[in-house]
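Fold and geometry: a report
Take a look at the letters that make up each chain.
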Amino acid sequence: MGEKAVPLLRRRRVKRSCPSCGPELGVEEKKGKGNPISIQLFPPELVEHIISFLPVRDLVALGQTCRYFHEVCDAEGVWRRICRRLSPRLRDQGSGVRPWKRAAILNYTKGLYFQAFGGRRRCLSKSVAPLLAHGYRRFLPTKDHVFILDYVGTLFFLKNALVSTLGQMQWKRACRYVVLCRGAKDFASDPRCDTVYRKYLYVLATREQQEVVGTTSSRACDCVEVYLQSSGQRVFKMTFHHSMTFKQIVLVGQETQRALLLLTEEGKIYSLVVNETQLDQPRSYTVQLALRKVSHYLPHLRVACMTSNQSSTLYVTDQGEVYFEVHTPGVYRDLFGTLQAFDPLDQQMPLALSLPAKILFCALGYNHLGLVDEFGRIFMQGNNRYGQLGTGDKMDRGEPTQVRYLQRPITLWCGLNHSLVLSQSSEFSKELLGCGCGAGGRLPGWPKGSASFVKLQVKVPLCACALCATRECLYILSSHDIEQHTPYRDLPASRVVGIPEPSLGTGAPQDPRGTAQACEEYLSQIHSCHTLQDRMEKMKEIVGWMPLMAAQKDFFWEALDMLQKAEGGGGGVGPPASET
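Just so it is clear, the structure is predicted and the values come from calculations on it, not from any experiment. (Residues numbered from 1 in each chain as written. Predicted model: local features only at pLDDT ≥ 70, side-chain atom pairs only at ≥ 80, totals over all residues. Heavy atoms only, no water.)

Some details on the overall build of the protein chain
What the protein chain contains, in helices and strands, is 12 helices and 32 strands. Looking at the 580 residues of the protein chain, the share that counts as buried comes to 47%. Across the protein chain, contacts joining residues at least 24 apart in sequence account for 50% of those joining residues at least 6 apart. Accessible area of the protein chain: about 29,200 Å², with a carbon and sulfur share of 54%. (Helix = DSSP H or I, 4+ residues; strand = E, 2+ residues; numbered from the N terminus. Buried < 20%, exposed > 50% of the residue type's maximum accessible area, 1.4 Å probe, protein only. Contact = heavy atoms within 4.5 Å. Areas by Shrake-Rupley, 256 points an atom, 1.4 Å probe, with all protein chains shown as cover.)

Digging into the nonpolar core
Among the nonpolar cores identified, the biggest contains 35 residues, and Phe 139, Leu 420, Leu 432, Leu 456 and Val 458 are the most heavily contacted of them. If you list the elements that add at least two residues to this core, you get β5 (111–116), β8 (145–149), β9 (155–165), β28 (418–424), β31 (464–469), β32 (473–478), α11 (532–545) and α12 (550–567). Once residues lying within four places of it in the same chain are set aside, the contact partners of Val 458 are Gln 115, Leu 124, Leu 432, Pro 444, Leu 474 and Ile 476. Of all hydrophobic cores here, the second largest spans 20 residues; its members include Val 56, Cys 66, Phe 69 and Ile 105. (Core = buried A, V, L, I, M, F, W, Y, C linked by side-chain atoms within 4.5 Å.)

A word on the sheet that holds strand β16 (residues 258–264)
The strand order β15-β16-β17-β18 describes an open sheet built from 4 strands, whose pairing is antiparallel. On the outer flanks of this sheet lie β15 (246–252) and β18 (290–291), each paired with one strand and no other. Bridge analysis of strand β17 (residues 269–274) against β18 gives 2 bridges, and the strand direction is antiparallel. Looking at β18, one finds that Tyr 270 is bridged to Leu 291. (Pairing = 2+ DSSP bridges.)

Topic: helix α6 (residues 76–86)
Listed in full, the buried residues belonging to α6 are Gly 77, Val 78, Trp 79, Ile 82 and Cys 83. Residues of α6 that are buried make contact with α3 (44–51), α4 (56–62), α5 (67–73) and α7 (99–109).

Details of a nonpolar patch on the surface
Where nonpolar side chains cluster on the molecular surface, the patch consists of Phe 42, Leu 46 and Ile 50 and spans about 260 Å² of accessible area. The topology assignment puts Leu 46 in helix α3. Exposure remark for Leu 46: the relative accessible area of 37% places this residue in the partly exposed category. (Patch = residues over 30% accessible without salt bridge, like charges linked within 9 Å, V, L, I, M, F, W, Y side chains within 5 Å. Salt bridge = Lys/Arg side-chain N within 4 Å of Asp/Glu carboxyl O.)

What to know about the packing of aromatic side chains
Scanning the model with the defined rule gives 10 aromatic pairs in all. For the ring pair Phe 139 and Tyr 475, a centre distance of 6.2 Å and an interplane angle of 50° mean the geometry is tilted. Here Phe 139 is found in strand β7 (residues 138–141), whereas its partner Tyr 475 is found in strand β32, with 336 residues between them in sequence. A relative accessible area of 9% places Phe 139 in the buried class. By relative accessible area, which is 1% here, Tyr 475 ends up buried. Here the aromatic rings of Phe 324 and Phe 336 are separated by 6.1 Å at their centres, their planes lie at 70°, and the arrangement is edge-to-face. You can see Phe 324 sitting in strand β21 (residues 322–326) and its partner Phe 336 sitting in helix α9 (residues 329–336), a full 12 residues away along the chain. Here the two residues Phe 324 and Phe 336 agree in accessibility, since each one is buried. Counting every residue linked through ring pairs, the aromatic cluster contains Phe 114, Phe 139 and Tyr 475. For the cation-ring pair, Arg 138 lies above Phe 187, with the distance from its terminal atom to the ring centre recorded as 4.4 Å. (Phe/Tyr/Trp six-rings, centres within 6.5 Å; stacked < 30°, edge-to-face > 60°. Lys NZ or Arg CZ within 6 Å of the ring centre and 35° of its normal.)

Some details on the sheet that holds β28
Read across the open sheet, the 4 strands follow the order β27-β28-β29-β30; overall the sheet is antiparallel. Taken across any chain shown, the strands that pair with only one partner, and hence form the sheet edges, are β27 (411–414) and β30 (450–455). Strand-to-strand, the axes of this sheet are offset by a mean angle of 15°, without reference to chain direction. Where β28 and strand β29 (residues 430–436) come together, 7 bridges link them in antiparallel fashion. Residue Gln 424 lies in a different strand from β29, and its bridge partner there is Lys 430. (Axes fitted to C-alpha atoms, helices over the stretch in contact; angles between N-to-C directions.)

So, α9
Turning to α9, its buried residues number three or more, namely Val 331, Tyr 332, Leu 335 and Phe 336. Buried residues of α9 fall within an arc of 110° about the axis and therefore sit on the same side. Lining the buried residues of α9 we find β20 (312–317), β21, β22 (351–352), β24 (368–373), β25 (377–382) and β26 (397–407). Immediately beyond the C-terminal end of α9, within one or two residues, lies Gly 337, with a positive phi of roughly 75°. (Arc of directions from axis to C-beta.)

Some thoughts on the pairing of β28
Judged by how many residues are buried, β28 sits mostly within the fold: 6 of 7 residues are covered. Inspection of the sheet shows β27 paired to β28 by 4 bridges, in the antiparallel sense. Note on β28: the bridge partner recorded for Cys 414 is Ser 419.

That's the geometry; what it means functionally is another story.
Have a look at this one:
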């Protein structure tokens, strides 16, 4: 019976037909046998229903085969069924031009990965994913746990397990999670890199407040709620007038004089001071909300985003301008190289940075910063004692300095004495680059650190979009939003100066003379090394700095590792002067 059924199945085989390429002819049709059926004869609803059972990866691959399947796989009805299968508890499909496709991809790509610096395990682990989360928008690790904000304003409290193995602290995956609050817009904690200081979590949220006590009428008001990071218990709450709406919150200053900076929808900055040492005491007091000097003295500015550390704040306007507040003389000297314009009596006066183009986003460390402009160029400034600026040396920079051969990053992060860059290595892969101090394993694969950006030994998820590093762990957030793209522009040919920049498509240099000068400088750096071990390490740094493709960099790094192991790390004699 099985042998008789095979010819029958072959005769009734369904043939795919595409309007652009026509039907595909089978062997039976060429012989004049069989009656192939086009898939277009089926009702579109039936085809969409069948395709919706495919995994998201297979669905995307099927949509790339021909024009017909591209239209069917891109239908909103298919993504609606997929979204309901991925997140059955999701009631709101979100917003945007393609709400169901956006929601499905957000929930399919969401994930929080982490890699512990200590211990023997050197691979990424994935934390538990809350079923109620509608994608991942922001995250923040604290002393004991991790907090995640999704795209509908739900803040999740992921309780991690921190264990000690042979005297080393290691992170394990989150054991459980709870919903901390709903209606959240943003959240912040102590801005220092060490999570030990992050005792409280400040949440900017929207709550319904009664207009008159004793009535049922209410209106939405913004408020700031303070939670204990250890238990998730709310210990303080402040409510603002309904006419003031905010979109971002950051912290700056010491615990006894903690300043909360609030960014309004109109681009104005307000601040208030809170004493954290008194938050857990059961009493109420009034705090004063005041307009920050950057908005008071420069009322025409419209701030788009802001970032802060313990002693400084960085503002980026909607026009791409950058203004700085520095509150301590030591950080001011590290950032600008002088104390000439520092006024200890007027620390809130904003300082404008001189930049060649519009800035899209930035990162702020303890005493150094990174800026990314509209052309995808990276500029670093500040202290460079450990090589955390990635300029190839350890010279401080008192003004923004471009990092050559590193362009169009996905995100940039600056820590205490090292920096990380998440970049697109190819069409379907991403890589993590780092520079600065490598002590404690903070630069995986480079324990001695590097003065230039080098590829780290971290397997980056395909949809990685944000990162953060603490003393114990490296965190990578994965979530893809189809409506958010970094609006990079092509650099005009008239503005290409100095060392050449790789072209967008081929990576070829645009200035052969600049390339020759750079190679001569690389050779002189290698010649200055006295041992073979130092030359190998310097060559690895130079490979990470050169405008090579990801596969080429991996090849050279692997080859250098093989040569280094074969030679046993022995010393060598410098090459003759004629060779350099």
